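# Structural features, examined
Below, each chain spelled out in residue letters.
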Amino acid sequence: MESESHRLDRIDRRILRELQRDGRQSNAQLAEAVGLTPSPCWQRTRRLETLGFIRGYAALLDQRLLGAAETVILEIALDHHDDAALEAFGRAMVAIPEVLEVWLTTGEYDYFLKVAVNGTAGYEEFLRTKLYRVPGIRHSRSSFTLRCLKQTSAAVPD
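Below or above, wherever it landed, is the structure these notes cover. Sequence order as written defines residue numbering, which begins from 1 separately in each chain. Per-residue local features are limited, in this predicted model, to residues with pLDDT of at least 70; the limit for side-chain atom pairs, both in listing and counting, is 80 or more; totals at the level of whole chains, interfaces and linings are taken over all residues. For side-chain calculations, the full set of non-hydrogen atoms in the structure is used, while hydrogens and water are omitted.

Here a helix means four or more residues in a row that DSSP labels H or I, a strand means two or more in a row labelled E, and each is numbered from the N terminus. Looking only at helices and strands, one finds 5 helices and 4 strands in the protein. Counting from the amino terminus, the protein carries its helices and strands in the arrangement α-α-α-β-α-β-β-α-β. As defined in this context, the radius of gyration uses C-alpha atoms, and a globule is described by 2.2 Å times the residue total to the power 0.38. Against the compact-globule benchmark of 15 Å for 158 residues, the protein has a radius of gyration of 20 Å, which places it well outside the compact range. The C-alpha extent of the protein, read off along each of the three principal axes, is 55 × 40 × 25 Å. Buried positions account for 28% of the 158 residues belonging to the protein. Every residue pair with non-hydrogen atoms within 4.5 Å of one another is taken to be in contact. Long-range pairs, those at least 24 residues apart, make up 64% of the contacts in the protein with a sequence separation of at least 6. Per element, the accessible surface of the protein, about 11100 Å² overall, is 53% carbon and sulfur. Note on exposure labels: buried denotes an accessible area under 20% of the residue type's maximum, exposed denotes more than 50%, and partly exposed covers the range between, all computed with a 1.4 Å probe on protein chains only. A 1.4 Å probe and the Shrake-Rupley method give the accessible areas. Residues count as covered only by the protein chains that appear here.

Here we come to the side chain of Glu18. Here Glu18 shows up in helix α1 (residues 10–21). Among the residues examined, Glu18 registers a relative accessible area of 17% and is labelled buried. Sequence-distant contacts of Glu18, that is, excluding residues within four places in its chain, are made with Gln25, Leu30, Ala33 and Val34.

Next up on the list: the packing of aromatic side chains. Two aromatic rings are characterised by how far apart their centres lie and by the angle between their planes. Between 30 and 60 degrees the pair is tilted, below 30 it is stacked and above 60 it is edge-to-face, where a pair is any two Phe, Tyr or Trp rings, Trp via its six-membered ring, whose centres lie within 6.5 Å. Within this structure, the stated rule accounts for 3 aromatic pairs. Taking the centre distance of 6.3 Å and the plane angle of 20° together, the rings of Tyr123 and Phe126 count as stacked. Of the two residues, Tyr123 and Phe126 are both situated in helix α5 (residues 119–129); the distance of 3 residues between them amounts to about one turn of the helix. A relative accessible area of 9% places Tyr123 in the buried class. Classification of Phe126 as buried rests on a relative accessible area of 2%. Among the aromatic residues, those joined into a cluster by ring pairs are Tyr123, Phe126 and Phe144.

We now examine the nonpolar core. The nonpolar core is taken to be a set of buried Ala, Val, Leu, Ile, Met, Phe, Trp, Tyr and Cys residues, with the residues joined through side-chain atoms within 4.5 Å. The biggest cluster of nonpolar side chains holds 18 residues, and the ones touching the most others in it are Leu74, Ile76, Phe89, Met93, Leu113 and Phe126. Every element with two or more residues in this core is listed here: β1 (70–78), α4 (83–94), β3 (111–117) and α5. Leu8, Ile11, Cys41 and Leu48 belong to the second largest nonpolar core, which has 12 residues in total.

Structure representation (structure tokens):
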């Protein structure tokens, strides 16, 4: 079976990289950047959206300006690993605004979370008022991040 990425040619990948860099650029700007005229660029972009390569467009927000400058990485181990426990925990995390990402993982911990907080006091409040009220957590381990060296939404293959 042919993989989805094989349906992308060099121009499609350039369009994806450009839109990832700046999703607000006009079709004319995008066409110029990838070496096409506007009409075929628009058609290719719509095709990439229809096929699901482009899931949507979003604004990247500054957590510091929003009052949650620190990012904490949490690893969570649950008491039980049945489907109901995993789904309940996942739903609970999705409902908490400070939780930016939730990953079900393999290994010693069941979940990997990325959380935005306002310093150690904000983290303590997050733990006491939100995370520790979720049933089924056996153990957690956390690390404050120091600096983000790379952040992207997807890897576009060459």
